[in-house]
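Structural overview for review
In case you want the letters, here they are:
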Amino acid sequence: AAVALVIPLSAGAINLAVGSQVGFGAILVAWLLVNRGVPIVPAVVVTIAAGGAIGVATGIMIVRARIDSFIGTLAVSSILLALVAWLSNSTQILNLGTTFQTIATNELFGITYSVYFTLLVALIVWYVLERTPSGRRVYATGGNLEAARLAGVATSRVIVLSMLWCGCITAFAGVLLSSQLGVGDPTVGPSFLLPAFSAAFLGATQFRGGRFNVWGTLVAVYVLAVGVKGLQLAGAPVWIPDLFNGVALIAAVALAKHQRLGARRRLSRLAGRDQGTVA
C-alpha cells in the first residue's frame, strides 16, 4: 500500500482512499471466491482490474471535474467503505480455501511469498519512476504542474495513470491481505491509510533529498513496524500504535518540508553567487 501511494504522491496527487482501496480489494476477492464461486486466478485478476478502474475514475474526477485530489479521494474512500459493507453485509467472509491462503502464507527460504511479491512490485515501480521517461514525467508533474504542462508533459494523463497503477497495486495488496488472514474482513482496510502515508513521507526524508521514492518508503515501513512491535512487546496500551503512526507522520512531513526548503535556499544562494560572479 505504501509503495502504491508513492506513485500518485510523486505526481502531486493526494490519495486518501488508499486504505479503503486495500479493504475493497480484500473483500472483493473474498466475495468472488465464496459468494460467486469464481476460481482463484480469475478472481484475483478481476479484483486487480476493479482496483485499476477505481483509480482511473478517481483520476478522471481530479483532472476533468477539477476536484482537488484531497477532497475527491476522501469521497471515494467513503464510497468504497459503503461498497465493502454492501458486499460483505458488514460481516467476515469465511472459508476462502487453503489453496488461496497459500498465496501469501507459503514460504520460500523461510520468507513468506507476500514479501517476495512486495519486493517485485517495489522493483517494478522503482524502475519505472527512476529509469524511464514516464517516471521523469511523473516527477515533473509533481514538482511543478504548470511548468511540466508548458514543457509538453501530458499532466492530466500522468495523474490518471498514477491513480490507475495505485489502484491496481492496492487491490493486489488487498488480495494478499485476505490470503494472509484467511478471511475477508470488512474492517481492516482503513487502518492502512496512516501507516502508508507515514512511510511514504518518512522515506522521502531519508533518500533522494525529500523526493518520494520506493526504497526509502520500504525502509520506513520496516522502521515503523519495528517501532510499533517494540511498543506492543513492551506492554503498551492498544492505542499506542495509532499515536506512534500519527506522530511519525507529523515528524516526517515536517522533515520533508524542511529538506525541500533547505534545498531551495541552497539553490538561491548559488544563483546569487553566480550572478555576482557575472557582474
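Residues numbered from 1 in each chain as written. Predicted model: local features only at pLDDT ≥ 70, side-chain atom pairs only at ≥ 80, totals over all residues. Heavy atoms only, no water.

To continue, consider the packing of aromatic side chains. Counted according to the given criterion, the structure contains four aromatic pairs. Pairing Phe117 with Phe172 gives two aromatic rings, centres 5.5 Å apart and planes at 85°, and the pair type is edge-to-face. You can see Phe117 sitting in helix α6 (residues 113-131) and its partner Phe172 sitting in helix α9 (residues 155-181), a full 55 residues away along the chain. A relative accessible area of 28% places Phe117 in the partly exposed class. With centroids separated by 6.3 Å and ring planes inclined at 20°, the aromatic side chains of Phe197 and Phe201 adopt a geometry described as stacked. (Phe/Tyr/Trp six-rings, centres within 6.5 Å; stacked < 30°, edge-to-face > 60°. Helix = DSSP H or I, 4+ residues; strand = E, 2+ residues; numbered from the N terminus. Buried < 20%, exposed > 50% of the residue type's maximum accessible area, 1.4 Å probe, protein only.)

Of note, Glu107 is situated in strand β1 (residues 107-108). Its relative accessible area of 52% is what places Glu107 among the exposed residues. Taking the C-alpha atoms as reference points, Glu107 and Leu233, separated by 126 residues in sequence, lie 25 Å from one another. Aside from chain neighbours lying at most four places away, what touches Glu107 is Thr112 and Tyr113. (Contact = heavy atoms within 4.5 Å.)

So, on to helix α5 (residues 98-105). Here α5 has its buried residues at Phe100, Ile103 and Ala104. What you see down the axis of α5 is that its buried residues fit within an arc of 80°, all on one side. Along α5, the residues that are exposed and aim more than 90 degrees away from the buried face are Thr98 and Thr99. Residues of α5 that are buried sit in contact with α2 (18-34), α3 (40-63), β2 (111-112), α6 and α9. (Arc of directions from axis to C-beta.)

As a further point, take the state of the cysteines. Evaluation of the coordinates by the stated rule reveals zero disulfides. Summary of cysteine pairing: Cys166 is not part of a disulfide, and the nearest cysteine sulfur, belonging to Cys168, is at 9.4 Å. (Disulfide = S-S within 2.5 Å.)

Turning next to the side chain of Thr141. Inspection of the secondary structure assignment puts Thr141 in helix α7 (residues 133-143). According to the relative accessible area criterion, Thr141 is buried, its value standing at 3%. Only 2.8 Å separates the side chain of Thr141 from the backbone oxygen of Arg137, close enough to count as a polar contact. (Polar contact = N/O pair within 3.5 Å; in protein donor to acceptor, adjacent residues only side chain to side chain.)

Okay, the pattern of salt bridges next. Overall, the coordinates contain two salt bridges when judged by the stated rule. Measuring nitrogen to oxygen at the nearest pair gives 3.0 Å for the salt bridge that ties Arg211 to Glu130. One end of the pair, Arg211, is in the loop between α10 (193-206) and α11 (214-233); the other, Glu130, is in helix α6, and 81 residues separate them in sequence. On the accessibility criterion, Glu130 (14% relative accessible area) is buried. Of the charged contacts, one joins Arg149 and Glu146 as a salt bridge, the two residues approaching to 2.6 Å between their closest N and O atoms. Of the two residues, Arg149 and Glu146 both sit in helix α8 (residues 145-150), three residues apart, roughly one turn of that helix. Note on Arg149: relative accessible area 34%, which makes it partly exposed. Residue class for Glu146 comes out partly exposed when judged on its relative accessible area of 43%. (Salt bridge = Lys/Arg side-chain N within 4 Å of Asp/Glu carboxyl O.)

Taken together, the side chains of Leu108, Phe109, Ile111, Tyr113 and Tyr116 define a hydrophobic patch exposed on the protein surface, amounting to about 490 Å² of accessible area. For Tyr113, the location among the structural elements is in helix α6. Take Tyr113: its relative accessible area is 30%, and that puts it in the partly exposed class. (Patch = residues over 30% accessible without salt bridge, like charges linked within 9 Å, V, L, I, M, F, W, Y side chains within 5 Å. Areas by Shrake-Rupley, 256 points an atom, 1.4 Å probe, with all protein chains shown as cover.)

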